[in-house]
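# Architecture and fold: a report
One letter stands for each residue in the lines below.
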Amino acid sequence: MQLIYESHYKNLGQNIAFYRKRRGWTQLRLCELADISRNHLSHIENADCAVSLDTVFAIAEALGVEPYKLFQNKE
């Protein structure tokens with residue numbers, strides 16, 4: 001992950017956590033549906049790693065939101 005994109009990764013992680021919590025799901029529940037590890041999801045939500053588009057698409061599908069919503073600013 002390049003530092004110049006850090007704010008984008010933080011925004012992505014915050015949006016994933018927002019939609020996950022809005023559904024009342026734990027990280028584990030989302031991980032089961034998106035077929036990713038809980039450790040990986042934790043890193044994504046905390047902007048501690050780069051993430052593939054395949055993973056973003058799987059998370060968006062599991063959450064029932066369009067992928068672009070995970071990248072929108074909520075200001």
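Residues numbered from 1 in each chain as written. Predicted model: local features only at pLDDT ≥ 70, side-chain atom pairs only at ≥ 80, totals over all residues. Heavy atoms only, no water.

## Quick notes on helix H3 (residues 38–45)
The test is simple: A 1.4 Å probe rolled over the protein chains alone gives each residue an accessible area, and that area as a share of the maximum for its type sets the label: buried under 20%, exposed over 50%, partly exposed in between. What counts as a helix is a DSSP run of H or I of at least four residues, what counts as a strand is a run of E of at least two, and both are numbered from the N terminus. It is the directions from the helix axis to the C-beta atoms whose arc is reported.
Inspection of H3 places Leu41, Ser42, Ile44 and Glu45 among the buried residues, and these make up the whole buried set. Buried residues of H3, seen end-on, are gathered within an arc of 160° and therefore sit on one face of the element. Following H3 by one or two positions, alanine 47 adopts a phi angle in the positive range, close to 55°.

## Some words on the packing of helix H1 (residues 6–22) against helix H4 (residues 53–63)
Operational definition: Helix axes are fitted only over the stretch in contact, all axes being lines through C-alpha atoms; the angle between N-to-C directions runs from 0 to 180 degrees. For classification purposes, an angle smaller than 35 degrees is called roughly parallel, one larger than 145 roughly antiparallel, one from 65 to 115 roughly perpendicular, and anything else oblique. A crossing counts as left-handed when the near helix is turned anticlockwise from the far one by less than a right angle, and as right-handed when that turn is clockwise. Note on contacts: a residue pair qualifies if any of its non-hydrogen atoms lie within 4.5 Å across the two residues. Throughout, the ten residues Ala, Val, Leu, Ile, Met, Phe, Trp, Tyr, Cys and Pro are labelled nonpolar, Asp, Glu, Lys and Arg are labelled charged, and all others, Gly among them, are labelled polar.
Packing of H1 against H4 brings their axes to within 10 Å, and their N-to-C directions diverge by 25°. On the basis of their axis angle, the class for H1 and H4 is roughly parallel. Relative to H4, the crossing made by H1 is left-handed. On H4, the residues that touch Leu12, Ile16, Tyr19 and Arg20 of H1 are Val56, Ile59 and Leu63. A breakdown of the residues in the contact of H1 with H4 according to their chemical character gives 6 nonpolar, no polar and 1 charged.

## Quick notes on the packing of aromatic side chains
As a reminder, the rule being used: Centre distance within 6.5 Å is the pairing criterion for rings of Phe, Tyr and Trp, where only the six-membered ring of Trp is used; planes under 30 degrees apart are then read as stacked, over 60 as edge-to-face, and the remainder as tilted. Cation placement over rings: the criterion is NZ of Lys or CZ of Arg within 6 Å of the ring centroid and within 35° of the ring normal.
Evaluated as defined, the whole model comprises 1 aromatic pair. Ring centres of phenylalanine 18 and tyrosine 19 lie 5.1 Å apart, and the angle between their planes is 75°; on these two criteria the pair is classed as edge-to-face. When its relative accessible area of 37% is taken as the criterion, phenylalanine 18 is described as partly exposed. Between arginine 29 and the ring centre of tryptophan 25, over which it is positioned, the NZ or CZ distance is 5.9 Å.

## Side note on the state of the cysteines
Here a disulfide denotes a covalent bond joining the sulfur atom of one cysteine to the sulfur atom of another. Put simply, the rule is: Any pair of cysteine sulfurs within 2.5 Å is marked as a disulfide.
With the rule as written, the count across this model stands at 0 disulfides. For the unlinked cysteine cysteine 31, the closest cysteine sulfur is that of cysteine 49, found at 12 Å. Residue classification places cysteine 49 among the buried positions, given a relative accessible area of 19%.

## Some details on the nonpolar core
The criterion, for reference: Note on terminology: a nonpolar core comprises buried Ala, Val, Leu, Ile, Met, Phe, Trp, Tyr and Cys residues joined through side-chain atoms within 4.5 Å.
Ranked by internal contacts, the top residues of the largest apolar core, which has 21 residues, are Ile16, Leu30, Leu41, Ile59, Leu63 and Leu70. For this core, the elements supplying multiple residues, two or more each, are H1, helix H2 (27–34), H3 and H4. A per-element tally of this core places H4 first, with 5 residues. Sequence-distant contacts of leucine 30, defined by excluding residues within four places in its chain, comprise Ile16, Arg20, Trp25, Leu41, Ile59, Ala62 and Leu63.

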